[in-house]
Structures are given as structure tokens and as C-alpha cells.
Amino acid sequence: MKEISIYAGTFDPISHGHLNIIERAARLFDQVIVAIAKNPSKQPLFSLEERVSLVEQSCAHLTNVQAVGFSGLLADFAKQHQAKTLIRGIRGSDDVEYEIQLAQLNNQLAGELETIFFPPSVTWRYLSSTMIREIYKHHGDIAPFVPEVVMQALVNKEKL
């Protein structure tokens, strides 16, 4: 049986920090599903369909990575895809307590579901999608932080 892992988030937008974790997970697991959350409580920069497409394009070089949009409980999504492992990125101590709570909750909801914490590379440790959106909102240069496909999508969005 293939070892399937899920890396979930809103990916609004996908960043080089996300890609770092996806590439590392792709070396460890047979299949990595990047689960892109709909999350109606947030005001995303990109629609769910756009975020799925951006992740697909950004991960095209990784043959064992698949992007899938979802809503609802991550534990249910993991069961549906027969995944036994969740990948979670943690940037620092502020993330740890929250992520441990999520890991324990997901394990309670989906029995054998384990969570593996990935610290990002030092280069991207400080980076978050929230910060990227804030820089973009104030007309700052986000090119160093995101894949080229994200930059192109933003240019196309501005033309509308």
C-alpha cells in the first residue's frame, strides 16, 4: 500500500516556504496531497479554483504531488483519501501549541492519523501567506517570496 500524506492549508498564495515543505515531504512519502481549504471565514486573495491551479502549476515538477480543494473536516478528508499522515509546517514557538492541539484533535477524529511537524528551511522561516498578502496590498514586491506563476496570476487579476 502506498504511504499517502496530506499537507493542508489555504495556500493563499502558495509561497516558497510552502514549496520547501512540499518538496521535502515528496521525498519521504509515496504520494503527497496538497489539500487546499475553502475556509469561508477568510477573505482569500484567490478563489479556491485559482489556488488549486497555482499549487498544481507550482508543483508540476513533483510527480507524486497532487493538489485538491476541500471543505469540511481535515480528518474526514484524510479518511476519504486513505492518508495516515498529516504534514504541518511550524515556523516557531507561537505555532507549536496550536499545531499540537490540532494534531491531537485530528488523531481523535481519525484514529490512526498522525501529524508530522516540518520546520521550514531557515530561508523561509519568517514567511507566511498573511505577510505576503499584506506586502502585496501595500504595493510591495512579493516576487522573492512566491513562485512566478503566482506573480503572473496577480498581474492577470489586476488587468480585470
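Each value, and the rule that gives it
- Residues numbered from 1 in each chain as written.
- Predicted model: local features only at pLDDT ≥ 70, side-chain atom pairs only at ≥ 80, totals over all residues.
- Heavy atoms only, no water.
- Buried < 20%, exposed > 50% of the residue type's maximum accessible area, 1.4 Å probe, protein only.
- Helix = DSSP H or I, 4+ residues; strand = E, 2+ residues; numbered from the N terminus.
- Pairing = 2+ DSSP bridges.
- Right-handed = clockwise from strand over helix to strand, strands pointing away.
- Polar contact = N/O pair within 3.5 Å; in protein donor to acceptor, adjacent residues only side chain to side chain.
- Contact = heavy atoms within 4.5 Å.
- UniProt positions renumbered as here; feature names shortened; annotations may be inferred.
- Core = buried A, V, L, I, M, F, W, Y, C linked by side-chain atoms within 4.5 Å.
- Salt bridge = Lys/Arg side-chain N within 4 Å of Asp/Glu carboxyl O.

Asker: For this particular structure, what's the right way to read the pairing of strand S4 (residues 85–89)?
Answerer: Two faces make up the sheet, and in a regular strand the side chains alternate between them. Along S4, 4 of the 5 residues are buried, which leaves the element largely enclosed by surrounding structure. The sheet contact formed by strand S1 (residues 4–9) and S4 spans 3 bridges and is parallel. By the bridge assignment for S4, tyrosine 7 is matched with isoleucine 87. The sheet contact formed by S4 and strand S5 (residues 114–118) spans 5 bridges and is parallel. Across the sheet, residue glycine 89 finds its bridge partner in S5, namely phenylalanine 118. In the classification by handedness, the crossover that spans S4, the intervening helix H4 (residues 93–109) and the parallel S5 is right-handed.

Asker: Help me out: how do you make sense of the side chain of serine 129 in this one?
Answerer: Note on placement: serine 129 falls in helix H5 (residues 129–137). Residue class for serine 129 comes out buried when judged on its relative accessible area of 10%. Engagement of the side chain of serine 129 in a polar contact is seen with the backbone oxygen of proline 13, the distance being 2.9 Å. When sequence neighbours within four positions are dropped, the list of residues in contact with serine 129 reads Asp12, Pro13 and His18.

Asker: I tried to follow the UniProt feature "domain: Cytidyltransferase-like" (unreviewed entry) in the chain on my own but got confused; where do I start?
Answerer: Under the feature "domain: Cytidyltransferase-like" (unreviewed entry), the UniProt entry names residues 6–134. Counting secondary structure, residues 6–134 comes out at 42% helix and 21% strand; the distance between its end C-alpha atoms is 27 Å.

Asker: Please explain the nonpolar core as it appears in this structure.
Answerer: The tendency in soluble globular proteins is for nonpolar side chains to be buried as a group. Among the nonpolar cores identified, the biggest contains 33 residues, and Ile14, Ile22, Ile36, Val55 and Val65 are the most heavily contacted of them. Those elements giving two or more residues to this core turn out to be helix H1 (16–28), strand S2 (31–37), helix H2 (48–58), strand S3 (65–70), H5 and helix H6 (148–159). Once residues lying within four places of it in the same chain are set aside, the contact partners of isoleucine 22 are Tyr7, Ile14, Val34, Cys59, Leu62 and Val65. Among the nonpolar cores identified, the runner-up in size contains 16 residues, and Ile4, Ile6, Phe77 and Ala83 belong to it.

Asker: Is there a simple way to think about the pattern of salt bridges in this case?
Answerer: A side chain with one charge can pair with a side chain of the opposite charge if their charged atoms come near. Applying the stated rule across the entire model yields 5 salt bridges. Residue glutamate 112 is joined to lysine 84 by a salt bridge in which the shortest nitrogen-to-oxygen separation is 3.8 Å. Of this pair, glutamate 112 sits in the loop between H4 and S5 while lysine 84 sits in the loop between helix H3 (74–80) and S4, and the two are 28 residues apart along the sequence. In this structure, the salt-bridge partner of aspartate 95 is arginine 91, at a minimum N-O distance of 3.9 Å. Look at aspartate 95 and you get buried, because its relative accessible area is 17%.

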